[in-house]
Amino acid sequence: MFTLIFLAALVIMVLTKLWLASRQIRHVARHRGAVPERFADTITLAAHQKAADYTVARTRLSMLEVLAGAAVLIGFTMLGGLHALNQFWLHVFDGGGYFYGVALIASVALIGGLFDLPFSLYGQFVIEQRFGFNKMTFGLWLADLAKMAAVACVLGLPLLLAVLWLMDRAGTYWWLYTWLLWVGFSLLLQIIVPTYIAPLFNKFEPLADEGLRVRIEALLRKCGFASKGLFVMDGSRRSAHGNAYFTGFGAAKRIVFFDTLLDRLDGEEVEAVLAHELGHFKRRHILKGSVKMFAFSLLAFMLLGWLSGQTWFYLGLGVRPSMDAPNDALALLLLMLAVPVFGVFVSPLLARSSRRHEFEADAYACEHASGQDLAAALLKLHEDNANTLTPDPVYARFYYSHPPAAERLAALHPHPQTS
């Protein structure tokens, strides 16, 4: 029965994603021929059509990824791939043990990553290249891949060992202790990523523009925000896309601007974008997001604690559990494989919450900077990043973490510039 439920959920998930993607492609293509009236004075037809073509190309690639992901999942579960891997590692490690569990999970992650590589390569070196966004060489792409694998091993393998040890030794409430470990690890990442990991991939230089730095520091004081520093990241080394973000927490908080963003926006527009980011912090969106993530992970660990003892859970997903050894690694893997299938329809709720936060951050920016400058900056970023101005409404409601440009600018329009 669980097999049928799982397969039905998988089919519904795949069909839903393909239907939404096809809606997006048709809607964007249908509106490709003319710039929406409210943007006619600021966005050229050529830029609008580039955004449409880029959106269609990325969406078509996503459809192939959905189908390939479903095929890999079926291969691991119903076709016995995971069962075969499990038997192989049980033989290698003489019936089990913590290192057996690490090897099993790492091998599944490696196989899944290998299936993802062609899509990553095509997206980077075909689609991004075709539309003028790719600045990456193949050597740099390989170097990034190697660094990410090394970071995953250095950080992920000890964590995985600790999780498997807790599952085996911590008793009835191992799932609670494991969750606490996960929370602590997530918070630790907020400290070490900006300081030690991000610099492995990009250069971060202190903001050198004195006039802009003075303007930003005045805004930070006005908003009561303390930061460890203002940094410019060499995003142009990899992509023509632009962005700005906060990273870290507590004493490790820092503000990062892509160099591509600073090249495109003037001082007032950069200030407005930063005010928006500050709005996320001041409205506690980051804290709320963390609380939601920790709550969902707690539920997931509780569910794992129950499912790990249910034979039907393993058999229903194509794996025969061991009768004389712990099945902790198997249970963890199967939950990670199954949750995305059953959790896909949570996406619209999370997207809706994120869009609400974006409106709140925009409102905060209008109180502490210029709504007109923020609107101008958003239009430039939409154009530079080739974000379509005419997304399918249903697709946007399901996936978009940011409001479509028309809705967002309509909300910004009534706000006058503050003194």
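The structure we're discussing is the one just above.
These numbers come from a predicted model, not from an experiment.

Enquirer: Go over the overall build of the protein, please, and point to the residues and values.
Expert: When helices and strands are counted, the protein shows 16 helices and four strands. Over its C-alpha atoms the protein spans a radius of gyration of 24 Å, differing by no more than 12% from the 22 Å that the globule rule assigns to 419 residues. Taken over 419 residues, the protein has a buried fraction of 47%. A sequence separation of at least 24 residues applies to 75% of the contacts in the protein between residues at least 6 apart. Here the protein displays about 21000 Å² of accessible surface, and carbon together with sulfur accounts for 65% of that area. Charge-centre separation for the protein: the mean point of 36 positive side chains lies 4 Å from the mean point of 32 negative side chains.

Enquirer: Got a sec to walk through the packing of helix H9 (residues 267-282) against helix H13 (residues 347-368)? Specific residues and values, please.
Expert: Angle between the axes and distance between the axes: these two values describe a pair of packed helices. Two numbers describe how H9 lies on H13: the axes approach to 7 Å, and their chain directions differ by 120 degrees. As the angle between them shows, H9 and H13 are arranged oblique. Seen along the crossing, H9 lies across H13 with a hand that is right-handed. Contact residues: Ala-272, Ala-275, His-276, Leu-278, Gly-279, His-280 and Lys-282 in H9; His-357, Glu-358, Ala-361, Asp-362, Tyr-364 and Ala-365 in H13.

Enquirer: With reference to specific residues and values, describe unusual backbone geometry.
Expert: Here Arg-284, not a glycine, exhibits a phi torsion of approximately 60 degrees, which is positive. Under the relative-accessibility criterion, Arg-284 is labelled exposed at 53%.

Enquirer: Just give me the short version of the sheet that holds strand S4 (residues 254-258), but keep the residues and values in it.
Expert: Taken in spatial order, the four strands make up an open sheet running S1-S2-S4-S3, and their pairing is mixed. The open sheet has two edge strands with one neighbour each: strand S1 (204-206) and strand S3 (244-247). Along the sheet, successive strands turn relative to each other by an average axial angle of 35 degrees, direction set aside. Across four bridges, strand S2 (residues 230-233) lies against S4 in parallel orientation. From the neighbouring strand, Val-232 faces S4, where its bridge partner is Phe-257. Each of S3 and S4 touches H9; the most contacted strand, S3, lies at about 35 degrees to it.

Enquirer: Now, about the side chain of Asp-362: what can you tell me, with residues and values included?
Expert: Of note, Asp-362 is situated in helix H13. The class of Asp-362 is buried, set by a relative accessible area of 3%. When neighbours within four sequence positions are excluded, Asp-362 is seen to be in contact with His-276, Leu-374, Arg-408 and Leu-412.

Enquirer: Go over the packing of aromatic side chains with me, naming the residues and quoting the values.
Expert: Using the criterion set out here, one finds 20 aromatic pairs in the structure. The interplanar angle of 50 degrees and the centroid separation of 6.3 Å between the aromatic rings of Phe-6 and Phe-342 together place this pair among those described as tilted. Residue Phe-6 is located in helix H1 (residues 2-30), and its partner Phe-342 is located in helix H12 (residues 328-343); the two are separated by 336 residues in the primary sequence. Overall, Phe-6 belongs to the buried group, its relative accessible area being 1%. An aromatic cluster is defined as three or more aromatic residues linked by ring pairs; in this entry it consists of Phe-2, Phe-6, Trp-306, Trp-312, Phe-313, Tyr-314 and Phe-342. Cation over ring: Lys-147 sits above Phe-201, and NZ or CZ is 5.9 Å from the ring centre.

Enquirer: Hey, could you go over the nonpolar core for me, with residue numbers and the actual values?
Expert: Formed by 56 residues in total, the largest nonpolar core has its most connected members in Leu-82, Leu-104 and Leu-304. For this core, the element with the most residues is H12, which contributes 10 residues. Not counting the four nearest positions on each side in its chain, Leu-82 is found in contact with Gly-75, Phe-76, Leu-104, Val-108, Val-319, Leu-330, Leu-333, Leu-334 and Leu-337. Counting 45 residues, the second largest nonpolar core, distinct from the first, contains Leu-230, Phe-231, Leu-265 and Leu-381.

Enquirer: Help me get a handle on helix H16 (residues 405-412), residues and values and all.
Expert: One full turn of an α-helix is made of 3.6 residues, so residues set three or four places apart face in the same direction. For H16, the complete set of buried residues consists of Ala-405, Arg-408, Leu-409 and Leu-412. Down the axis of H16, the smallest arc covering the buried residues is 90 degrees, so these residues share one side. Among the structural elements, H9, H13 and helix H14 (371-384) are those in contact with the buried residues of H16.

Rules used throughout
Residues numbered from 1 in each chain as written. Predicted model: local features only at pLDDT ≥ 70, side-chain atom pairs only at ≥ 80, totals over all residues. Heavy atoms only, no water. Helix = DSSP H or I, 4+ residues; strand = E, 2+ residues; numbered from the N terminus. Rg over C-alpha atoms; globule rule 2.2 N^0.38 Å. Buried < 20%, exposed > 50% of the residue type's maximum accessible area, 1.4 Å probe, protein only. Contact = heavy atoms within 4.5 Å. Areas by Shrake-Rupley, 256 points an atom, 1.4 Å probe, with all protein chains shown as cover. Lys, Arg positive; Asp, Glu negative; His and termini not counted. Charge placed at Lys NZ, Arg CZ, Asp CG, Glu CD. Axes fitted to C-alpha atoms, helices over the stretch in contact; angles between N-to-C directions. Parallel < 35°, antiparallel > 145°, perpendicular 65-115°, else oblique. Left-handed = near helix turned anticlockwise from the far one by under 90°. Pairing = 2+ DSSP bridges. Phe/Tyr/Trp six-rings, centres within 6.5 Å; stacked < 30°, edge-to-face > 60°. Lys NZ or Arg CZ within 6 Å of the ring centre and 35° of its normal. Core = buried A, V, L, I, M, F, W, Y, C linked by side-chain atoms within 4.5 Å. Arc of directions from axis to C-beta.

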